Amino acid sequence: MKISPKMKKALNDQVTLEASASSSYLAMASWCEVTGYQGSANYFYMQSDEERTHMLKIIHYLNDMGAVASISTIKAPASSYKSLEGLIKTALKNEQAVTKAIHTMVDIAQKEKDHSTYAFLEWFVNEQVQEETKFETILQKFDLIGRDKLAINEIDKILAMDAATPDDTAA
Ligand SMILES: [Fe+2]
Ligand SMILES: [Fe+2]
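Residues numbered from 1 in each chain as written. Chains lettered and ligands numbered in written order. Predicted model: local features only at pLDDT ≥ 70, side-chain atom pairs only at ≥ 80, totals over all residues. Heavy atoms only, no water.

**Re the coordination of the iron ion (ligand 2)**
Binding of the iron ion (ligand 2) to the protein goes through Glu 51 (OE), Glu 95 (OE), Glu 95 (OE) and Glu 131 (OE), at separations of 1.8 to 2.5 Å. Geometry at the iron ion (ligand 2) is irregular, judged from the 4 donor atoms that bind it and their angles of 54 to 143 degrees at the metal. For the iron ion (ligand 2), the donor residues sit on a single chain with the sequence spacing E-x43-E-x35-E. A gap of 3.4 Å separates the iron ion (ligand 2) and the iron ion (ligand 1), which Glu 51 links by coordinating each metal. (Donors = N, O, S within 2.8 Å, 3.2 Å for Na, K, Ca; no water. Tetrahedral: all angles 85-135°; square planar, octahedral: opposite > 155°, others 65-115°.)

In C-alpha cells form, the structure reads like this:
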C-alpha cells in the first residue's frame, strides 16, 4: 500500500505545521510564565506537548506507510504578546489554520481513494473541533468575566485548573 507523492508532501507539511504549533505554544507558555500568568503558562506548556504528540503521530504514519517522514526547520514563533486575550486569539487562529490544512488533506485522500490516510485523518478532524472549541471557550471568558486585572487573574486560575485536569483526548 502506497501513498501518493501529493499526499506524502501534504503529510510532511503537516509535520512542520504541528511542530510550529508546538513551538508557538511553548513561546506562549514562556511569555505567560514571565508575565506572571502561571496557570496559563502551565496550560500552554501542556498544549505544546500535545502538538508534539500530533507531530509524532504523523511521522509514525508516514514511516509505517514506507513514505519516510522529513523533518524541516521551522520559523521562530512570536515571543511577546500585548495581552493574554491577544495570545489566546493567536492560538485560535493557529488552530483554524491547522483545521484548514487537515481538511485539505482529507479532500486529497478522498479524491485519491486513499482509504488508509482518510481513516488516519479522522482522528485529527475530531481533534480540531475540540481544539477550536477550547480556545473559543477561553475567549468567551473575557466577555463574561472581564478584562481587568482581577478578571484576568480569575481566567488564569481557570486555565490552571484545565492544565491540572487534562482531558483524555490530549494524546
Ligand atoms: Fe495539532
Ligand atoms: Fe492544536
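**Some points on the coordination of the iron ion (ligand 1)**
Taken together, Glu 18 (OE), Glu 51 (OE) and His 54 (ND1) make up the protein donors of the iron ion (ligand 1), found 2.1 Å from the metal. Of note, the donors binding the iron ion (ligand 1) are all from one chain and are spaced E-x32-E-x2-H.

**Notes on the nonpolar core**
Among the nonpolar cores identified, the biggest contains 24 residues, and Phe 44, Leu 87, Ile 88, Phe 135, Ile 138 and Phe 142 are the most heavily contacted of them. Apart from residues lying up to four places away in sequence, Phe 44 is in contact with Tyr 25, Met 28, Ala 29, Leu 87, Ile 88, Ala 91 and Phe 135. Counting 23 residues, the second-largest nonpolar core is a separate cluster that includes Ile 3, Met 7, Leu 62 and Ala 109. (Core = buried A, V, L, I, M, F, W, Y, C linked by side-chain atoms within 4.5 Å. Buried < 20%, exposed > 50% of the residue type's maximum accessible area, 1.4 Å probe, protein only. Contact = heavy atoms within 4.5 Å.)

**Quick look at the environment of Pro 77**
In this structure, Pro 77 sits in the loop between helix 2 (38-64) and helix 3 (84-111). You can call Pro 77 partly exposed: its relative accessible area is 29%. For Pro 77 and Ser 20, which are 57 residues apart along the polypeptide, the C-alpha to C-alpha distance reads 7.5 Å. If near-sequence neighbours (up to four positions away) are discounted, Pro 77 is found in contact with Ser 23, Ser 24 and Ala 27. (Helix = DSSP H or I, 4+ residues; strand = E, 2+ residues; numbered from the N terminus.)

These figures come from the coordinates and say nothing about function on their own.
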